[in-house]
Amino acid sequence: QDTLEMCTRENEFKSILFALCYFHALVAERHKFGPQGWNRSYPFNAGDLTISVNVLYNYLEASSKVPYDDLRYLFGEIMYGGHITDDWDRRLCKTYLEEFIKPEMLEGELLLAPGFPLPGNMDYNGYHQYIDDALPPESPYLYGLHPNAEIGFLTQTSEKLFRIVLEMQPRDTSMGEGEVVTREETVKALLEEMLEKLMDEFNIAELMAKVEERTPYIVVAFQECERMNILTSEIKRSLKELDLGLKGELTMTSDMENLQNALFLDTVPDSWIKRAYPSTASLGTWFADLLTRIKELEAWTGDFSLPSAVWLAGFFNPQSFLTAIMQSTARKNEWPLDKMTLQCDVTKKNREDFASPPREGAYVHGFFMEGARWDAQVSSARL
């Protein structure tokens, strides 16, 4: 209440202060939408709001007219904008302020959100009562977002909830007739199965001896083999170490405990994630996918001829293969590489229909569409 009464220009101060508080709530809570909210995570805090209120007070006391442009610049470029490092995020912050702080706010015509007009001159308790009565239920609409923006946030929340429930389950499993399988037995059976299925590492020196000319495609194959060796060697090392720990031949360390918990809960261990490709799959699906990637690499490095259709999503670094396509085409036609661009045409064939790679470029598969599908009949995306 003291803050609301500190300025002599009561109407202007209260209106802009209320809009500023609503703006602060939006920018602070918008981070829950992930990259759809802000491209980067920013530490907006109550201190930004407090300083902005002081700036608002000083400007209103010193000026006969309300300096809307100056206030928007100070809030959006300095107070809150001081945290922002992305140009698109800066543009978003500026747009919010242009919508909330403008001359119409003093004429009683400004809607902060659908069904939520800016209130008039009230006291502290009156504003609280107004917010309780008039503020719509929280939804993406209040942030100016489409309702679908909430899908990712709700999915992440649900996964976190189920993960916690899973971690609270009993460690031992009853098999009926009084037989109980302990966590150690479950983990031991799983790690033995994984060690048995995991192929040997690629012999890079032997592979290099088979190659006469290191073309861009072959360089990509070597890079992928090296990355795969780093990942598979870490998997084997950690699994063998844990096996010795379970047998009592090594002292159990915190890393071994974490690996044991991850295997039991069907999640990919952190030490594997650091050396692996991006994936959100559970451990069983992830490991099956890993074996498929290794087989693809083995087929490619057998004779180093480019596969008829390349599984682009199966690479650690798909961008390197796209660059190799441009390098190969540029060398073949003696074109400048810096002027090369990629073009993607969707065919009506499946990967099995291709017997050999194209004369230029490459056939690739493994793409996914989010929120749409590809209509092969009309050759376009359909929502």
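From a predicted model like this one, the values you see are computed outputs, not experimental measurements. (Residues numbered from 1 in each chain as written. Predicted model: local features only at pLDDT ≥ 70, side-chain atom pairs only at ≥ 80, totals over all residues. Heavy atoms only, no water.)

Things to note about the environment of Leu231
Let me state the cut-off plainly: Labels follow the DSSP assignment, with helices taken as runs of H or I lasting at least four residues and strands as runs of E lasting at least two, numbered in each case from the N terminus. Each residue is assigned to one of three classes by its accessible area relative to the maximum for its type, calculated with a 1.4 Å probe on protein chains only: buried under 20%, partly exposed between the two thresholds, exposed over 50%. Note on contacts: a residue pair is in contact if any heavy atoms of the two residues lie within 4.5 Å.
Structurally, the position occupied by Leu231 is in helix H9 (residues 216-247). On the accessibility criterion, Leu231 (0% relative accessible area) is buried. Considering only alpha carbons, one finds Leu231 and Phe100, 131 residues apart in sequence, at a separation of 51 Å. In this structure Leu231 touches Trp272, Arg275, Ala276, Tyr277, Trp286, Leu290 and Phe316, once residues within four positions along its chain are discounted.

Quick notes on the layout of surface pockets
Gaps between atoms show up when a probe of the same size as a water molecule is rolled over them. Quick reminder of the rule: In this analysis the probe radius is 1.4 Å and the grid spacing 1 Å, with only protein atoms considered; a cavity is a set of points the probe fits into but cannot get out of, a pocket is an open set with protein on both sides within 12 Å along at least five of seven lines, and lining residues have an atom within 4 Å of a point. Grid points are joined across faces, edges and corners, and a volume is the space filled by probe spheres set on the points. Residue classes follow a fixed rule: Ala, Val, Leu, Ile, Met, Phe, Trp, Tyr, Cys and Pro count as nonpolar, while Asp, Glu, Lys and Arg count as charged, and any other residue, Gly among them, counts as polar.
Approximately 1,100 Å³ is the volume attributed to the largest pocket. Every element with two or more residues in the lining of the largest pocket is listed here: helix H13 (318-333), strand S6 (364-365) and strand S7 (373-375). No other element matches H13, which puts 4 residues into the lining of the largest pocket. Considered class by class, the residues forming the lining of the largest pocket number 19 nonpolar, 8 polar and 6 charged. Roughly 650 Å³ of volume is contained in the second largest pocket.

Things to note about the UniProt feature "domain: Dynein heavy chain AAA lid" (unreviewed entry) in the chain
Rules: UniProt positions are given in the numbering used here, feature names are shortened, and annotations may be inferred rather than shown by experiment.
The sites that UniProt annotates as "domain: Dynein heavy chain AAA lid" (unreviewed entry) are residues 13-149. Summarising residues 13-149: 53% helix, 4% strand, and an end-to-end C-alpha distance of 33 Å.

What about a nonpolar patch on the surface?
Filter applied, for reference: Residues forming no salt bridge and having over 30% relative accessible area are the ones grouped into patches, like charges within 9 Å of each other and nonpolar side chains (Val, Leu, Ile, Met, Phe, Trp, Tyr) within 5 Å. Per-residue accessibility takes into account occlusion by the displayed protein chains alone, with areas from the Shrake-Rupley method and a 1.4 Å probe. We define a salt bridge as a side-chain nitrogen of Lys or Arg found within 4 Å of a carboxyl oxygen belonging to Asp or Glu.
Together, Val346, Met369 and Trp374 make up an exposed nonpolar region whose accessible area comes to about 260 Å². Looking at where Val346 falls in the secondary structure, it is placed in the loop between H13 and S6. Judged by its relative accessible area of 42%, Val346 is partly exposed.

Description of empty space enclosed by the protein
Applying the stated criterion across every chain yields a total of 1 cavity of 30 Å³ or more. Around the largest cavity, the lining residues are Glu224, Met228, Arg293, Glu296, Leu297, Trp300, Pro307, Val310, Trp311, Gly314, Phe315 and Phe316. Elements with a contribution of two residues or more to the lining of the largest cavity: H9, helix H12 (283-303) and strand S5 (310-311). Take the lining of the largest cavity: its biggest share by element is 4 residues, from H12. Residues of the lining of the largest cavity, tallied by class, amount to 8 nonpolar, 1 polar and 3 charged.

Regarding the side chain of Thr329
Rules: Side-chain atoms alone can form a polar contact between residues adjacent in sequence; in general such a contact is a pair of N or O atoms within 3.5 Å, and within protein one must be able to donate a hydrogen while the other accepts it.
As for its position among the elements, Thr329 is in helix H13. The exposure class assigned to Thr329 is buried, which follows from its relative accessible area of 11%. Engagement of the side chain of Thr329 in a polar contact is seen with the backbone oxygen of Ile325, the distance being 2.8 Å. If sequence neighbours within four positions are ignored, Thr329 has contacts with Trp335, Met340, Glu360 and Gly361.

Regarding the domain arrangement of the chain
As a reminder, the rule being used: As annotated, the domain borders come from an automatic or database domain assignment.
Domain parsing of the chain yields domain 1 (2-149) and domain 2 (183-382). When each unit is reduced to the centre of its C-alpha atoms, the spacing between domain 1 and domain 2 is 47 Å.

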